[in-house]
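# Coordinate inspection notes
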Amino acid sequence: SADVDLALKPADPKVASTVSIKAKWLPDAPLLVTAVLDGLKADAEYDLKLATYKASLSGEGFQSARVDPWLAIFKADTKGSVVLTGSWRGGGAVKEKKHQGSLVLGRLDWSREGAAPITAEGELLYDWPGVVSSRGLRLRTADQELGADLKLAGGMLEMTQLRWLD
């Protein structure tokens, strides 16, 4: 068995978020991992024998600027600013390539240099590889707004509640 309790504390907590990671592994039991940082929490369970997983991610006013200093260590960045309020919950079987879940975007704001900011809201549902759908999906940028409910199944894309404002 193994337990991990790791806290990454920045030199200046005003600049970057503390990152807390806890993990637990027991023989014949799924691996459990929880990660927490300012405005974001992730929980995951992975069964090593069956290659199945369940996980969730919740964001409440998460700001990517709070993790950019950590990403810079790995020469990565968010290429702008992301502010997120939303959640994802899913699970699946890796070997069988089957995945189910939902993503609820209360609000996602993404801005980057040289481009108009993008705001997204809505819900995405998936039962892969069979169906991917959205409800109340709206994207806004500059003076345009696009909204639709979408369903992709059996090689066909169905669009309802289509709205495009310019």
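Look a little higher up for the structure.
Let us look at the structure shown here. Because the structure is predicted, anything quoted here is derived from the model rather than measured. (Residues numbered from 1 in each chain as written. Predicted model: local features only at pLDDT ≥ 70, side-chain atom pairs only at ≥ 80, totals over all residues. Heavy atoms only, no water.)

Geometrically, the link from tryptophan 128 to proline 129 is a cis peptide bond, its omega value of 15° lying close to zero. Relative to the helices and strands, proline 129 is located in the loop between strand 8 (118-128) and strand 9 (131-141). Non-glycine residue lysine 79 carries a positive phi angle of around 55°. With respect to the helices and strands, the residue lysine 79 is situated in the loop between helix 1 (68-73) and strand 6 (81-93). Even without a glycine there, the phi angle at lysine 97 is positive, about 60°. Looking at where lysine 97 falls in the secondary structure, it is placed in the loop between strand 6 and strand 7 (98-111). On the basis of relative accessibility, which here comes to 60%, the residue lysine 97 falls in the exposed class. (Helix = DSSP H or I, 4+ residues; strand = E, 2+ residues; numbered from the N terminus. Buried < 20%, exposed > 50% of the residue type's maximum accessible area, 1.4 Å probe, protein only.)

The next thing to look at is the environment of aspartate 149. Considering the arrangement of structural elements, one finds aspartate 149 in strand 10 (residues 144-153). Residues aspartate 149 and serine 133, 16 residues apart in the sequence, show an inter-C-alpha distance of 7.3 Å. Discounting residues that sit within four places of it in the chain, aspartate 149 has contacts with Ser134, Arg135, Gly136, Leu137, Glu158, Met159, Thr160 and Gln161. At a separation of 2.7 Å, a polar atom in the side chain of aspartate 149 contacts the main-chain amide nitrogen of glycine 136. (Contact = heavy atoms within 4.5 Å. Polar contact = N/O pair within 3.5 Å; in protein donor to acceptor, adjacent residues only side chain to side chain.)

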